[in-house]
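Descriptive structure summary
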Amino acid sequence: MTNDLMLLMPLIIVGAGAILLMLSSAYQKLTHEMAAYGSALVFAVAFLVQLSACITGNAVLFSGAFNGLLVASSFSKAAGLIILACGFFTAMSSHTYFKQNDFCSPEYYSLMVFAASGMLLLTMAQELITVFIALEIMSLAIYILVGYDRKNVISTEAVLKYLMLGAFAGAFLTMGAAFVYGATGSTKFVKIAQYVAAHGFMQTPALIGGSFFILVAFLFKAAAFPFHAWVVDVYDGASVPVTGYMATGLKTAIFAVFANFLVLDASLQSGWITYLFYIAVFTMFVGNLIAIGQQSLKRMLAASGIVHTGYLLIALVAVSTKDFTGSVIAYYLAAYAASTLGIFCALSYLGGAGEKRSTFDDFKGLAKSRPYSAAAVSVFLLSMAGIPPTAGFMGKFYIITSAIEAGQVTLAVLGIVSSIISMWYYLRLIINMYFCEAEEQFGEAVPSNLAPICTFVLVVCVFAISLYPVVI
Amino acid sequence: MIHSYLYLSIILFCLGIVGVISRRNVFTVFMSIELMLNAANLAFVAFARVHESMDGHVLAMMVMAVAAAEAALALAVVILLHKHKSKLDTNVFSLLKG
């Protein structure tokens, strides 16, 4: 009982923190800087509690009261740690970002914490309606964050697109849950697994249709191939810290629940594996094609997010349903989150007022006036491209080896090819920063030290994550 | 008996999909999405009858609550759009080209 409470504590802290922040936003005296520190504090405390909870083993939370709806496994705990760290760094970089951009109010931070509570719930959910509700808690908060700049017509258009397509995907998830419920008589993962083991997967059409709808919803939220078109626009329309948060925290939560759903039974996974194979391949190459054509840095990072979804899908294809630990997926998510968050942290203070620097050309000659920042951005880009000794290399290494071990050699080779193609657009920014003449001086003072400090902490994280498997 | 309910649910769901894809008015699109969610609710309640358990009813309630929250947000977005463009046609919004 106490153990269960301890495992659920990060979620309780984050949820209570979000409600407290929302209530205290009503006071005039609460400035948005104070709200930023408050949300960062909530994330930090929840992170430490989650870290201390990592010692204990897997457990079904409150199996009596919650009826097995939530399960804490090592995978869900690792995903929770990544999400909370993402929230912390996003709060810090938002603090700096809003010194230069004036559309913030304390509710912004409250919504960020609400989104994190949805994500945490999503990583632990073991029941389809819990998944739906957690997904909507997360998505509703993120929709508002995307459209937070109400005067900006582009961000309004982004939230319209995201809301329309996101609600569409949510409807697919509920319909899928209804069909699965109809076929198996339960929406709990454990019961569904028991049913599939007893009756077989391919013998129940309603189950096939239901799981198809659910996979469509997950693939949409993860921005995989046929459903990737919204990502570039939505990431472009959202403000820089929100984009970073969406690219990392949201993706972590979605892949956690995706993996949990997929491994519930071996025959269910093998039923979808052929399709996931093609989706992974198309996601990687279509993402690369989109990224190569972009001029705007944010759009390039959005498209590269699609490519990284492709790598994570490789890991999902290669996952084994027996003794599933999800360590490869969690490791890659951590490596990806560190480098992506780092870039968005750097952009939130390098971008200037009103995000005036947004294209590749705007960052020409950055290395001359801001050598440390340019070096940090280069480290993040190299990590995303997968160059040793960064975290991204180790993450890709584990994904490729796990694919080969699972017998998916073609997929492993295509993953390497795609990673080589992706160097094109990552190195392009590095070349612009180091080998081009500066068109402007980047003279303005950095408004706050928080985002630069976070950027350098994340550089350390990138190397620390890459050394972690060596040390352990 | 259950089949008629399921057919109705599937027809409603398909109508919703067609509405989202073909209609250009933001309101109609959001209404179509609500239609899809309600199709799922109908399926839940029908299946609950088949399994003779109350689970499906509870789940339908949960979905309704979430759909209401989503509708509230959708209406806020509609007002925001109207402020910017004084029109609710999705074709007007084409600044971002994916």
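Before reading further, recall that the structure is shown in the block above.
Nothing here was measured: the structure is a model prediction, and the numbers come from that model.

Next up on the list: the overall build of chain B. A tally of regular secondary structure across chain B gives three helices and zero strands. Helices (α) and strands (β) of chain B occur, in sequence order from the N terminus, as α-α-α. For chain B, the C-alpha radius of gyration of 17 Å lies well beyond 13 Å, the compact-globule estimate for 98 residues. Based on the C-alpha atoms only, the size of chain B along its principal axes is roughly 50 × 25 × 20 Å. Of all 98 residues assigned to chain B, the portion counted as buried reaches 39%. Carbon and sulfur atoms make up 68% of the accessible area of chain B, which totals about 5400 Å². In chain B, 7 positive and 5 negative side-chain charges are present, and the distance between their average locations comes to 20 Å.

On to the interface of chain A and chain B, then. Listed by partner, the interface residues are 39 residues for chain A and 41 residues for chain B. Of the roughly 3600 Å² buried where chain A meets chain B, counting both sides, 82% is carbon and sulfur surface. Taken together, the connections running from chain A to chain B amount to zero salt bridges. Seen at the junction of chain A and chain B, the total is six residue pairs in polar contact (both at pLDDT 80 or more). Among the secondary structure elements, those contributing two or more residues to the side of chain A that touches chain B are α5 (128-146), α6 (153-184) and α9 (229-237) of chain A. Of the residues in the side of chain A that touches chain B, the class split is 23 nonpolar, seven polar and nine charged.

The next subject is the nonpolar core. Residues and elements named next belong to chain A. Counting 220 residues, the largest nonpolar core has I142, V146, M246, F258 and L313 as its most contacted members. At 19 residues, α6 tops the list of elements feeding residues into this core. Setting aside its immediate chain neighbours within four residues, L313 contacts L219, A224, F255, F258, L276, I279, A280 and T283.

Reading the values: the criteria
Residues numbered from 1 in each chain as written. Chains lettered and ligands numbered in written order. Predicted model: local features only at pLDDT ≥ 70, side-chain atom pairs only at ≥ 80, totals over all residues. Heavy atoms only, no water. Helix = DSSP H or I, 4+ residues; strand = E, 2+ residues; numbered from the N terminus. Rg over C-alpha atoms; globule rule 2.2 N^0.38 Å. Buried < 20%, exposed > 50% of the residue type's maximum accessible area, 1.4 Å probe, protein only. Areas by Shrake-Rupley, 256 points an atom, 1.4 Å probe, with all protein chains shown as cover. Lys, Arg positive; Asp, Glu negative; His and termini not counted. Charge placed at Lys NZ, Arg CZ, Asp CG, Glu CD. Contact = heavy atoms within 4.5 Å. Buried area = accessible area lost by both parts, 1.4 Å probe. Salt bridge = Lys/Arg side-chain N within 4 Å of Asp/Glu carboxyl O. Polar contact = N/O pair within 3.5 Å; in protein donor to acceptor, adjacent residues only side chain to side chain. Nonpolar A, V, L, I, M, F, W, Y, C, P; charged D, E, K, R; others polar. Core = buried A, V, L, I, M, F, W, Y, C linked by side-chain atoms within 4.5 Å.

Purely geometric numbers; function is a separate question.
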